[in-house]
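Examining the three-dimensional arrangement
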Number of protein chains: 2
Amino acid sequence: MEDSRLASVAAAIAEPARARMLCSLLDGKARTATELAIVGEVSASTASAHLARLKTEQLVSMLTQGRHRYYRLHNHDVASALEALLLISNTPKAPFNPNTPHYLQAARTCYDHMAGSVAVQLHDRLFAMGWLQADAGDASQYVLSEQGQQALSKLGMDLPELAKKRRRFACACLDWSERSPHLGGALGAALLILAKKRGWAEQDLDSRRLQISRAGQNAMKDIFGITI
Amino acid sequence: MEDSRLASVAAAIAEPARARMLCSLLDGKARTATELAIVGEVSASTASAHLARLKTEQLVSMLTQGRHRYYRLHNHDVASALEALLLISNTPKAPFNPNTPHYLQAARTCYDHMAGSVAVQLHDRLFAMGWLQADAGDASQYVLSEQGQQALSKLGMDLPELAKKRRRFACACLDWSERSPHLGGALGAALLILAKKRGWAEQDLDSRRLQISRAGQNAMKDIFGITI
DNA sequence: TTCATATTTCGCTCCGGAGCGAAGTAAGGC
DNA sequence: GCCTTACTTCGCTCCGGAGCGAAATATGAA
(Lines give C-alpha, C1' and ligand atoms only; values in the text may rest on other atoms or scores of the structure.)
Protein backbone atom coordinates (compact mmCIF):
# COMPACT_ATOMS: atom_id res chain seq x y z
CA MET A 1 0.00 0.00 0.00
CA GLU A 2 2.57 2.51 1.10
CA ASP A 3 4.69 1.76 -1.95
CA SER A 4 1.96 2.82 -4.35
CA ARG A 5 1.85 6.22 -2.67
CA LEU A 6 5.63 6.31 -2.93
CA ALA A 7 5.32 5.58 -6.65
CA SER A 8 2.78 8.32 -7.26
CA VAL A 9 4.80 10.91 -5.37
CA ALA A 10 7.92 9.91 -7.29
CA ALA A 11 5.95 10.05 -10.54
CA ALA A 12 4.89 13.58 -9.69
CA ILE A 13 8.56 14.55 -9.42
CA ALA A 14 9.62 12.43 -12.39
CA GLU A 15 8.28 14.59 -15.18
CA PRO A 16 11.11 16.90 -16.39
CA ALA A 17 8.94 20.02 -16.46
CA ARG A 18 7.68 19.34 -12.95
CA ALA A 19 11.21 18.59 -11.75
CA ARG A 20 12.34 21.96 -13.06
CA MET A 21 9.48 23.67 -11.28
CA LEU A 22 10.21 21.92 -8.00
CA CYS A 23 13.93 22.65 -8.23
CA SER A 24 13.23 26.32 -8.78
CA LEU A 25 11.01 26.34 -5.70
CA LEU A 26 13.80 24.88 -3.57
CA ASP A 27 14.89 28.40 -2.72
CA GLY A 28 11.75 28.74 -0.65
CA LYS A 29 10.15 31.45 -2.75
CA ALA A 30 6.58 31.27 -4.03
CA ARG A 31 6.05 31.64 -7.77
CA THR A 32 3.06 32.25 -9.99
CA ALA A 33 1.74 29.70 -12.46
CA THR A 34 3.06 31.78 -15.36
CA GLU A 35 6.54 31.99 -13.89
CA LEU A 36 6.57 28.26 -13.32
CA ALA A 37 5.42 27.64 -16.88
CA ILE A 38 8.52 29.51 -18.07
CA VAL A 39 10.80 27.64 -15.65
CA GLY A 40 9.23 24.34 -16.72
CA GLU A 41 9.52 25.28 -20.39
CA VAL A 42 5.93 24.36 -21.20
CA SER A 43 2.80 26.22 -22.22
CA ALA A 44 0.51 27.80 -19.64
CA SER A 45 -2.13 25.12 -20.07
CA THR A 46 0.37 22.32 -19.61
CA ALA A 47 1.85 24.04 -16.58
CA SER A 48 -1.61 24.35 -15.11
CA ALA A 49 -2.11 20.59 -15.34
CA HIS A 50 1.32 19.95 -13.84
CA LEU A 51 0.68 22.27 -10.93
CA ALA A 52 -2.68 20.68 -10.26
CA ARG A 53 -0.97 17.35 -9.98
CA LEU A 54 1.79 18.65 -7.70
CA LYS A 55 -0.91 20.10 -5.51
CA THR A 56 -2.94 16.91 -5.17
CA GLU A 57 0.27 15.08 -4.33
CA GLN A 58 0.86 17.67 -1.61
CA LEU A 59 4.23 18.61 -2.99
CA VAL A 60 3.25 22.25 -3.40
CA SER A 61 0.60 24.42 -1.85
CA MET A 62 -1.19 27.31 -3.46
CA LEU A 63 -1.97 30.80 -2.30
CA THR A 64 -4.39 32.95 -4.31
CA GLN A 65 -3.65 36.63 -4.33
CA GLY A 66 -5.84 38.67 -6.64
CA ARG A 67 -5.62 37.12 -10.05
CA HIS A 68 -2.28 35.51 -9.31
CA ARG A 69 -1.86 32.06 -7.88
CA TYR A 70 1.34 31.58 -6.00
CA TYR A 71 2.83 28.13 -5.60
CA ARG A 72 5.45 27.09 -3.06
CA LEU A 73 6.81 23.84 -1.71
CA HIS A 74 4.28 22.35 0.66
CA ASN A 75 6.64 22.05 3.64
CA HIS A 76 10.19 21.40 4.75
CA ASP A 77 9.88 17.65 4.40
CA VAL A 78 9.24 18.05 0.70
CA ALA A 79 12.33 20.22 0.41
CA SER A 80 14.35 17.62 2.31
CA ALA A 81 13.14 14.81 0.09
CA LEU A 82 14.04 16.79 -3.02
CA GLU A 83 17.49 17.52 -1.63
CA ALA A 84 17.96 13.83 -0.84
CA LEU A 85 17.00 12.93 -4.39
CA LEU A 86 19.32 15.58 -5.76
CA LEU A 87 22.10 14.10 -3.69
CA ILE A 88 21.77 10.69 -5.30
CA SER A 89 21.11 12.25 -8.72
CA ASN A 90 24.34 14.17 -8.67
CA THR A 91 26.64 11.17 -8.81
CA PRO A 92 25.75 10.06 -12.34
CA LYS A 93 27.45 7.76 -14.83
CA ALA A 94 30.09 10.38 -15.48
CA PRO A 95 32.16 9.58 -12.40
CA PHE A 96 33.85 12.96 -12.37
CA ASN A 97 31.61 15.87 -13.20
CA PRO A 98 33.25 19.25 -12.73
CA ASN A 99 30.47 21.02 -14.63
CA THR A 100 28.73 22.08 -11.45
CA PRO A 101 29.46 25.78 -11.25
CA HIS A 102 31.80 26.66 -8.46
CA TYR A 103 29.85 29.50 -6.96
CA LEU A 104 26.87 27.20 -6.43
CA GLN A 105 28.89 25.00 -4.14
CA ALA A 106 30.35 27.93 -2.25
CA ALA A 107 27.10 29.59 -1.28
CA ARG A 108 23.51 29.04 -2.23
CA THR A 109 20.11 28.91 -0.61
CA CYS A 110 18.43 25.77 0.58
CA TYR A 111 14.71 26.42 0.88
CA ASP A 112 14.93 29.51 3.08
CA HIS A 113 18.37 29.31 4.63
CA MET A 114 22.01 29.25 3.57
CA ALA A 115 23.65 26.18 2.10
CA GLY A 116 26.93 25.29 0.43
CA SER A 117 30.43 25.09 1.82
CA VAL A 118 30.23 28.49 3.51
CA ALA A 119 27.06 27.44 5.33
CA VAL A 120 28.65 24.15 6.39
CA GLN A 121 31.69 25.95 7.75
CA LEU A 122 29.45 28.41 9.53
CA HIS A 123 27.47 25.56 11.08
CA ASP A 124 30.64 23.98 12.44
CA ARG A 125 32.09 27.27 13.67
CA LEU A 126 28.90 28.11 15.57
CA PHE A 127 29.46 24.91 17.53
CA ALA A 128 33.20 25.35 17.93
CA MET A 129 32.71 28.88 19.24
CA GLY A 130 30.14 27.60 21.70
CA TRP A 131 27.28 29.74 20.38
CA LEU A 132 25.25 26.71 19.44
CA GLN A 133 24.87 23.35 21.15
CA ALA A 134 22.78 20.23 20.83
CA ASP A 135 19.56 20.30 22.86
CA ALA A 136 19.92 18.05 25.90
CA GLY A 137 16.34 16.82 25.64
CA ASP A 138 16.14 16.36 21.89
CA ALA A 139 19.41 15.58 20.18
CA SER A 140 18.06 16.49 16.76
CA GLN A 141 17.52 20.07 17.86
CA TYR A 142 20.00 22.82 18.53
CA VAL A 143 19.81 25.57 21.12
CA LEU A 144 21.71 28.82 21.53
CA SER A 145 24.05 29.21 24.48
CA GLU A 146 23.94 32.35 26.62
CA GLN A 147 27.00 33.56 24.73
CA GLY A 148 25.40 32.81 21.36
CA GLN A 149 22.24 34.68 22.29
CA GLN A 150 24.17 37.79 23.27
CA ALA A 151 26.34 37.73 20.17
CA LEU A 152 23.46 37.30 17.73
CA SER A 153 21.38 39.95 19.47
CA LYS A 154 24.28 42.35 19.14
CA LEU A 155 24.41 41.56 15.40
CA GLY A 156 20.79 42.63 15.14
CA MET A 157 18.81 39.42 15.36
CA ASP A 158 15.45 39.62 17.09
CA LEU A 159 15.60 36.49 19.21
CA PRO A 160 12.38 36.99 21.22
CA GLU A 161 10.50 37.28 17.91
CA LEU A 162 12.21 34.12 16.67
CA ALA A 163 11.20 32.16 19.76
CA LYS A 164 7.55 32.96 19.07
CA LYS A 165 7.54 31.14 15.76
CA ARG A 166 5.92 27.77 15.78
CA ARG A 167 8.52 26.22 13.57
CA ARG A 168 11.50 24.16 14.65
CA PHE A 169 14.06 26.52 16.19
CA ALA A 170 17.32 25.13 14.84
CA CYS A 171 18.42 21.81 13.43
CA ALA A 172 20.87 20.14 11.12
CA CYS A 173 19.99 20.13 7.44
CA LEU A 174 22.05 17.85 5.23
CA ASP A 175 23.91 19.71 2.52
CA TRP A 176 23.85 17.75 -0.70
CA SER A 177 27.00 19.19 -2.19
CA GLU A 178 29.07 19.08 0.98
CA ARG A 179 27.56 15.95 2.50
CA SER A 180 27.73 17.66 5.88
CA PRO A 181 25.05 19.49 7.78
CA HIS A 182 24.37 23.18 7.64
CA LEU A 183 22.08 25.16 9.89
CA GLY A 184 18.34 24.84 9.21
CA GLY A 185 15.20 25.80 11.06
CA ALA A 186 14.00 29.22 12.13
CA LEU A 187 17.48 30.25 13.23
CA GLY A 188 18.97 29.27 9.87
CA ALA A 189 16.32 31.30 8.07
CA ALA A 190 16.86 34.27 10.39
CA LEU A 191 20.58 34.12 9.75
CA LEU A 192 20.03 34.41 6.00
CA ILE A 193 17.69 37.36 6.51
CA LEU A 194 20.28 38.97 8.79
CA ALA A 195 23.03 38.42 6.23
CA LYS A 196 20.95 40.03 3.50
CA LYS A 197 19.95 42.94 5.76
CA ARG A 198 23.55 43.68 6.68
CA GLY A 199 24.60 43.51 3.05
CA TRP A 200 26.74 40.40 3.51
CA ALA A 201 24.90 38.40 0.91
CA GLU A 202 22.62 39.03 -2.02
CA GLN A 203 20.19 36.50 -3.35
CA ASP A 204 20.01 35.96 -7.10
CA LEU A 205 16.52 36.34 -8.46
CA ASP A 206 16.62 33.41 -10.83
CA SER A 207 18.82 30.85 -9.17
CA ARG A 208 19.76 29.53 -5.78
CA ARG A 209 23.10 31.29 -6.00
CA LEU A 210 24.03 33.50 -3.07
CA GLN A 211 26.46 36.34 -3.71
CA ILE A 212 28.79 37.01 -0.82
CA SER A 213 29.84 40.67 -0.81
CA ARG A 214 33.23 41.98 0.30
CA ALA A 215 31.59 43.14 3.51
CA GLY A 216 30.25 39.62 3.91
CA GLN A 217 33.67 38.11 3.44
CA ASN A 218 35.10 40.46 6.03
CA ALA A 219 32.29 39.70 8.44
CA MET A 220 32.80 35.96 8.00
CA LYS A 221 36.48 36.40 8.77
CA ASP A 222 36.14 38.82 11.66
CA ILE A 223 33.16 37.30 13.42
CA PHE A 224 33.46 33.59 12.65
CA GLY A 225 37.05 33.20 11.47
CA ILE A 226 36.02 31.75 8.12
CA THR A 227 38.03 32.60 5.02
CA ILE A 228 36.07 32.13 1.81
CA MET B 1 20.80 20.09 -16.17
CA GLU B 2 20.69 18.72 -12.68
CA ASP B 3 16.90 18.66 -12.77
CA SER B 4 16.81 16.24 -15.69
CA ARG B 5 18.88 13.79 -13.67
CA LEU B 6 16.51 14.36 -10.79
CA ALA B 7 13.60 13.56 -13.09
CA SER B 8 15.15 10.34 -14.37
CA VAL B 9 15.99 9.12 -10.87
CA ALA B 10 12.47 9.93 -9.72
CA ALA B 11 11.07 8.17 -12.78
CA ALA B 12 13.07 5.08 -11.87
CA ILE B 13 11.35 5.05 -8.48
CA ALA B 14 7.97 6.07 -9.89
CA GLU B 15 6.97 2.78 -11.48
CA PRO B 16 4.85 0.82 -8.94
CA ALA B 17 6.67 -2.47 -9.50
CA ARG B 18 10.03 -0.79 -9.05
CA ALA B 19 8.77 1.07 -5.97
CA ARG B 20 7.77 -2.24 -4.43
CA MET B 21 11.18 -3.70 -5.17
CA LEU B 22 12.99 -0.74 -3.68
CA CYS B 23 10.78 -0.72 -0.58
CA SER B 24 11.50 -4.38 0.00
CA LEU B 25 15.23 -3.69 -0.25
CA LEU B 26 14.99 -0.98 2.41
CA ASP B 27 15.76 -3.59 5.04
CA GLY B 28 19.30 -3.76 3.68
CA LYS B 29 19.10 -7.32 2.44
CA ALA B 30 20.08 -8.41 -1.06
CA ARG B 31 17.50 -10.26 -3.14
CA THR B 32 17.60 -12.25 -6.37
CA ALA B 33 15.90 -11.15 -9.57
CA THR B 34 13.26 -13.87 -9.14
CA GLU B 35 12.45 -12.79 -5.59
CA LEU B 36 12.14 -9.20 -6.71
CA ALA B 37 9.87 -10.21 -9.58
CA ILE B 38 7.51 -11.71 -6.98
CA VAL B 39 7.74 -8.65 -4.74
CA GLY B 40 7.13 -6.40 -7.74
CA GLU B 41 4.25 -8.57 -8.93
CA VAL B 42 5.52 -8.78 -12.49
CA SER B 43 6.90 -11.50 -14.75
CA ALA B 44 10.57 -12.43 -14.70
CA SER B 45 11.25 -10.72 -18.00
CA THR B 46 9.59 -7.50 -16.88
CA ALA B 47 11.48 -7.60 -13.61
CA SER B 48 14.70 -8.03 -15.50
CA ALA B 49 14.06 -4.84 -17.45
CA HIS B 50 13.15 -2.98 -14.27
CA LEU B 51 16.27 -4.11 -12.48
CA ALA B 52 18.43 -3.10 -15.42
CA ARG B 53 17.00 0.37 -15.19
CA LEU B 54 17.45 0.62 -11.43
CA LYS B 55 21.05 -0.41 -11.94
CA THR B 56 21.84 2.18 -14.60
CA GLU B 57 20.28 4.81 -12.37
CA GLN B 58 22.60 3.62 -9.59
CA LEU B 59 19.75 2.94 -7.24
CA VAL B 60 20.72 -0.70 -6.82
CA SER B 61 23.91 -2.63 -7.33
CA MET B 62 24.26 -6.21 -8.43
CA LEU B 63 26.29 -9.11 -7.17
CA THR B 64 26.51 -12.31 -9.23
CA GLN B 65 26.77 -15.50 -7.25
CA GLY B 66 26.57 -18.67 -9.31
CA ARG B 67 23.45 -18.49 -11.36
CA HIS B 68 21.81 -16.04 -9.00
CA ARG B 69 22.06 -12.31 -9.28
CA TYR B 70 21.61 -10.49 -6.03
CA TYR B 71 20.39 -6.93 -5.99
CA ARG B 72 20.67 -4.49 -3.10
CA LEU B 73 20.31 -0.77 -2.59
CA HIS B 74 23.35 0.95 -4.01
CA ASN B 75 24.27 2.83 -0.84
CA HIS B 76 22.96 4.58 2.25
CA ASP B 77 22.12 7.77 0.41
CA VAL B 78 19.66 5.86 -1.72
CA ALA B 79 18.06 4.42 1.42
CA SER B 80 17.86 7.90 2.94
CA ALA B 81 16.25 9.35 -0.16
CA LEU B 82 13.67 6.57 -0.20
CA GLU B 83 12.91 7.13 3.47
CA ALA B 84 12.53 10.85 2.82
CA LEU B 85 10.09 10.13 0.00
CA LEU B 86 8.20 7.67 2.18
CA LEU B 87 7.92 10.36 4.82
CA ILE B 88 6.16 12.77 2.47
CA SER B 89 4.17 9.93 0.89
CA ASN B 90 2.72 8.86 4.21
CA THR B 91 0.71 12.00 4.84
CA PRO B 92 -1.80 11.52 2.03
CA LYS B 93 -5.21 13.05 1.36
CA ALA B 94 -6.71 10.99 4.15
CA PRO B 95 -5.55 13.27 6.96
CA PHE B 96 -5.82 10.58 9.59
CA ASN B 97 -4.66 7.18 8.50
CA PRO B 98 -4.58 4.62 11.28
CA ASN B 99 -4.17 1.75 8.79
CA THR B 100 -0.43 1.60 9.30
CA PRO B 101 0.05 -1.56 11.32
CA HIS B 102 1.03 -0.86 14.87
CA TYR B 103 3.93 -3.22 15.15
CA LEU B 104 5.63 -1.51 12.21
CA GLN B 105 5.74 1.75 14.09
CA ALA B 106 6.98 0.09 17.26
CA ALA B 107 10.00 -1.63 15.80
CA ARG B 108 11.26 -2.21 12.31
CA THR B 109 14.51 -2.11 10.41
CA CYS B 110 15.77 0.86 8.46
CA TYR B 111 18.32 -0.37 5.98
CA ASP B 112 20.59 -2.21 8.44
CA HIS B 113 19.69 -0.74 11.80
CA MET B 114 16.69 -0.42 14.07
CA ALA B 115 13.91 2.09 13.46
CA GLY B 116 10.48 2.85 14.86
CA SER B 117 9.46 4.26 18.19
CA VAL B 118 11.60 1.82 20.18
CA ALA B 119 14.67 2.87 18.22
CA VAL B 120 13.85 6.54 18.72
CA GLN B 121 13.45 6.04 22.47
CA LEU B 122 16.69 4.10 22.52
CA HIS B 123 18.46 6.89 20.67
CA ASP B 124 17.29 9.44 23.21
CA ARG B 125 18.06 7.24 26.22
CA LEU B 126 21.61 6.64 25.00
CA PHE B 127 22.12 10.38 25.19
CA ALA B 128 20.29 10.86 28.46
CA MET B 129 22.34 8.10 30.08
CA GLY B 130 25.51 9.72 28.83
CA TRP B 131 26.64 6.75 26.76
CA LEU B 132 26.50 8.72 23.54
CA GLN B 133 27.34 12.34 22.84
CA ALA B 134 27.68 14.63 19.84
CA ASP B 135 31.19 14.76 18.40
CA ALA B 136 32.84 18.05 19.32
CA GLY B 137 34.54 18.37 15.94
CA ASP B 138 31.67 17.25 13.72
CA ALA B 139 28.24 17.92 15.14
CA SER B 140 26.58 15.50 12.73
CA GLN B 141 28.50 12.60 14.21
CA TYR B 142 28.10 10.86 17.52
CA VAL B 143 30.81 9.36 19.72
CA LEU B 144 30.67 6.96 22.65
CA SER B 145 31.63 8.22 26.08
CA GLU B 146 34.01 6.21 28.27
CA GLN B 147 30.98 4.97 30.16
CA GLY B 148 29.17 4.00 26.95
CA GLN B 149 32.17 2.09 25.67
CA GLN B 150 32.43 0.04 28.84
CA ALA B 151 28.72 -0.70 28.96
CA LEU B 152 28.47 -1.81 25.34
CA SER B 153 31.63 -3.92 25.60
CA LYS B 154 30.13 -5.65 28.59
CA LEU B 155 27.00 -6.39 26.54
CA GLY B 156 29.20 -8.14 24.00
CA MET B 157 29.87 -5.53 21.35
CA ASP B 158 33.26 -5.68 19.66
CA LEU B 159 34.15 -2.00 19.63
CA PRO B 160 37.74 -2.27 18.34
CA GLU B 161 36.36 -4.18 15.33
CA LEU B 162 33.72 -1.50 14.83
CA ALA B 163 36.28 1.29 14.86
CA LYS B 164 38.11 -0.39 11.98
CA LYS B 165 35.16 -0.07 9.62
CA ARG B 166 35.43 2.68 7.07
CA ARG B 167 31.84 3.69 7.41
CA ARG B 168 30.47 6.54 9.48
CA PHE B 169 30.62 5.51 13.14
CA ALA B 170 27.34 6.83 14.48
CA CYS B 171 24.90 9.47 13.36
CA ALA B 172 21.29 10.53 13.49
CA CYS B 173 18.96 8.92 10.97
CA LEU B 174 15.54 10.50 10.61
CA ASP B 175 12.74 8.10 11.42
CA TRP B 176 9.85 8.60 9.02
CA SER B 177 7.13 7.32 11.31
CA GLU B 178 8.35 9.06 14.44
CA ARG B 179 9.78 12.19 12.82
CA SER B 180 12.62 12.01 15.29
CA PRO B 181 16.09 10.61 14.85
CA HIS B 182 17.16 7.08 15.65
CA LEU B 183 20.68 5.77 15.73
CA GLY B 184 22.31 5.07 12.36
CA GLY B 185 25.84 4.35 11.19
CA ALA B 186 28.10 1.46 12.10
CA LEU B 187 27.07 1.63 15.76
CA GLY B 188 23.39 1.46 14.86
CA ALA B 189 24.01 -1.57 12.68
CA ALA B 190 26.11 -3.23 15.39
CA LEU B 191 23.35 -2.64 17.90
CA LEU B 192 20.85 -4.47 15.72
CA ILE B 193 23.26 -7.38 15.29
CA LEU B 194 23.82 -7.44 19.04
CA ALA B 195 20.08 -7.43 19.71
CA LYS B 196 19.57 -10.35 17.35
CA LYS B 197 22.53 -12.26 18.79
CA ARG B 198 21.24 -11.88 22.33
CA GLY B 199 17.75 -12.95 21.29
CA TRP B 200 16.19 -9.57 22.01
CA ALA B 201 14.85 -9.14 18.51
CA GLU B 202 14.09 -11.29 15.53
CA GLN B 203 13.95 -10.00 11.99
CA ASP B 204 11.03 -11.02 9.81
CA LEU B 205 12.09 -12.56 6.56
CA ASP B 206 9.56 -10.86 4.36
CA SER B 207 9.03 -7.45 5.90
CA ARG B 208 10.82 -4.78 7.81
CA ARG B 209 9.07 -5.80 10.96
CA LEU B 210 11.24 -6.46 13.97
CA GLN B 211 9.90 -8.79 16.65
CA ILE B 212 10.90 -7.83 20.15
CA SER B 213 11.06 -10.91 22.35
CA ARG B 214 10.16 -11.01 26.04
CA ALA B 215 13.86 -11.12 26.81
CA GLY B 216 14.23 -8.04 24.63
CA GLN B 217 11.49 -6.22 26.47
CA ASN B 218 13.13 -7.05 29.79
CA ALA B 219 16.52 -5.96 28.51
CA MET B 220 15.09 -2.65 27.26
CA LYS B 221 13.56 -2.05 30.66
CA ASP B 222 16.53 -3.16 32.79
CA ILE B 223 19.34 -1.66 30.75
CA PHE B 224 17.78 1.42 29.19
CA GLY B 225 14.65 2.01 31.25
CA ILE B 226 12.37 1.79 28.22
CA THR B 227 8.94 0.20 28.58
CA ILE B 228 7.53 -1.02 25.29
C1' DT C 1 26.35 -35.01 -21.45
C1' DT C 2 21.69 -33.88 -20.38
C1' DC C 3 18.25 -31.69 -17.78
C1' DA C 4 16.51 -28.08 -14.72
C1' DT C 5 16.63 -23.53 -13.08
C1' DA C 6 17.85 -18.47 -13.35
C1' DT C 7 18.00 -14.66 -16.04
C1' DT C 8 18.06 -11.91 -20.23
C1' DT C 9 16.79 -10.64 -25.06
C1' DC C 10 13.41 -10.10 -28.63
C1' DG C 11 9.10 -8.98 -30.78
C1' DC C 12 4.99 -7.40 -30.19
C1' DT C 13 0.54 -4.87 -28.14
C1' DC C 14 -1.44 -1.35 -25.73
C1' DC C 15 -2.42 2.54 -22.62
C1' DG C 16 -1.38 6.58 -19.68
C1' DG C 17 -0.28 10.84 -19.81
C1' DA C 18 2.31 14.93 -21.85
C1' DG C 19 1.85 18.08 -25.41
C1' DC C 20 -0.66 22.08 -27.65
C1' DG C 21 -4.18 25.58 -28.98
C1' DA C 22 -8.76 27.36 -28.55
C1' DA C 23 -12.31 28.50 -25.76
C1' DG C 24 -14.01 29.46 -21.09
C1' DT C 25 -13.72 31.75 -16.43
C1' DA C 26 -12.00 35.01 -13.11
C1' DA C 27 -9.99 39.32 -11.47
C1' DG C 28 -8.08 43.80 -11.82
C1' DG C 29 -7.59 48.48 -14.47
C1' DC C 30 -9.90 51.99 -17.06
C1' DG D 1 -19.62 48.84 -18.45
C1' DC D 2 -15.28 46.99 -21.48
C1' DC D 3 -10.63 45.46 -22.26
C1' DT D 4 -6.49 43.09 -20.59
C1' DT D 5 -4.19 39.74 -18.12
C1' DA D 6 -3.98 35.26 -15.41
C1' DC D 7 -5.23 30.89 -15.26
C1' DT D 8 -8.03 26.62 -16.19
C1' DT D 9 -10.82 23.38 -18.96
C1' DC D 10 -11.64 20.90 -23.14
C1' DG D 11 -10.62 18.23 -27.15
C1' DC D 12 -7.45 16.23 -29.60
C1' DT D 13 -2.71 13.85 -31.17
C1' DC D 14 1.06 11.16 -30.29
C1' DC D 15 4.88 8.59 -28.12
C1' DG D 16 7.46 6.26 -24.36
C1' DG D 17 7.57 2.63 -21.94
C1' DA D 18 5.28 -1.27 -19.29
C1' DG D 19 3.32 -5.53 -20.16
C1' DC D 20 3.74 -10.52 -21.68
C1' DG D 21 5.41 -14.95 -23.76
C1' DA D 22 8.73 -17.35 -26.51
C1' DA D 23 13.27 -18.12 -27.42
C1' DA D 24 18.11 -17.58 -26.22
C1' DT D 25 21.84 -17.88 -22.86
C1' DA D 26 24.16 -19.23 -18.66
C1' DT D 27 24.99 -21.95 -14.67
C1' DG D 28 24.58 -25.78 -11.55
C1' DA D 29 22.94 -30.60 -10.69
C1' DA D 30 22.45 -35.48 -11.99
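Up top you'll find the structure we're talking about.
It should be emphasised that the depicted structure is a prediction, and the values quoted were computed from it without experimental measurement. Throughout this description, residue numbers start from 1 for each chain and increase along the sequence as written. Lettering for chains starts from A, numbering for ligands starts from 1, and both go in the order in which the items are written. Only residues with pLDDT of 70 or above have their local features reported here, since the model is predicted, and side-chain atom pairs are shown and tallied only from 80 upward, although totals for entire chains, interfaces and linings are computed over all residues. Only hydrogens and water are set aside when side-chain values are computed; all heavy atoms of the structure are taken into account.

Before going further, it helps to examine the sheet that holds strand 1 (residues 31-32) of chain A. Residues and elements named next belong to chain A. Strand pairing is assigned whenever DSSP identifies at least 2 bridges connecting the two strands. Numbering of helices and strands runs from the N terminus; a helix is a DSSP stretch of H or I covering at least four residues, while a strand is a stretch of E covering at least two. Pairing in this open sheet of 3 strands is antiparallel, and the strands run 1-3-2 from one edge to the other. Two strands lie at the open edges of the sheet, namely strand 1 and strand 2 (60-65), each paired on one side alone. Pairing of strand 1 with strand 3 (residues 68-73), which is carried by 2 bridges, proceeds in the antiparallel orientation. Bridge pairing links Arg 31 to Tyr 71 in strand 3. Of the strands in this sheet, strand 2 and strand 3 are in contact with helix 4 (residues 44-56), which crosses strand 2 at around 120°. In what follows, a contact means two residues having at least one pair of non-hydrogen atoms within 4.5 Å. Axes, fitted as lines to C-alpha atoms, cover a helix only where it is in contact. Angles between the N-to-C directions of the axes lie from 0 to 180 degrees.

To continue, consider the protein's contact with DNA strand D. Around DNA strand D, a shell composed of 20 residues is seen, among which Thr34(A), Ser48(A), Thr46(B), His50(B) and Gly66(B) lie nearest. Atoms of DNA strand D within 4 Å of the protein: sugar and phosphate make up 73%, bases the balance. Any pair of nitrogen or oxygen atoms within 3.5 Å is treated as a polar contact; in protein, a donor-acceptor pairing is required on top of that, and neighbouring residues in sequence qualify only through side-chain atoms on both sides. One of the side-chain nitrogen or oxygen atoms of Tyr71(A) is found 3.1 Å away from a phosphate oxygen of DNA strand D. Contributions of two or more residues to the surface near DNA strand D are made by helix 3 (33-40), helix 4 and strand 3 of chain A together with helix 4 (44-56) of chain B. The dominant element in the surface near DNA strand D, judged by the number of residues it contributes, is helix 4 of chain B, at 4 residues. We call a residue near a given molecule or strand whenever any one of its heavy atoms falls within 4 Å of it.

This next bit is on the protein's contact with DNA strand C. Thr46(A), His50(A), Thr34(B), Ser48(B) and Arg69(B) are the nearest of the 20 residues found near DNA strand C. Within the side chain of Ser48(B), a nitrogen or oxygen atom sits 2.8 Å from a phosphate oxygen of DNA strand C. At a separation of 3.0 Å, a base oxygen of DNA strand C approaches a polar side-chain atom of Arg67(B). Counting only elements with at least two residues in the surface near DNA strand C, the list comes to helix 4 of chain A together with helix 3 (33-40), helix 4 and strand 3 (68-73) of chain B.

The next subject is unusual backbone geometry. Non-glycine residue Gln58(A) carries a positive phi angle of around 60°. With respect to the element layout, Gln58(A) can be found in the loop between helix 4 and strand 2. At Glu41(B), a position not held by glycine, the phi torsion is positive, near 60°. The residue Glu41(B) is located in the loop between helix 3 and helix 4 in this model. Exposed residues in this analysis have more than 50% of their type's maximum accessible area, buried residues have under 20%, and partly exposed residues fall in between, with area computed by a 1.4 Å probe over protein chains only. Classification of Glu41(B) by relative accessible area gives exposed; the value is 60%.

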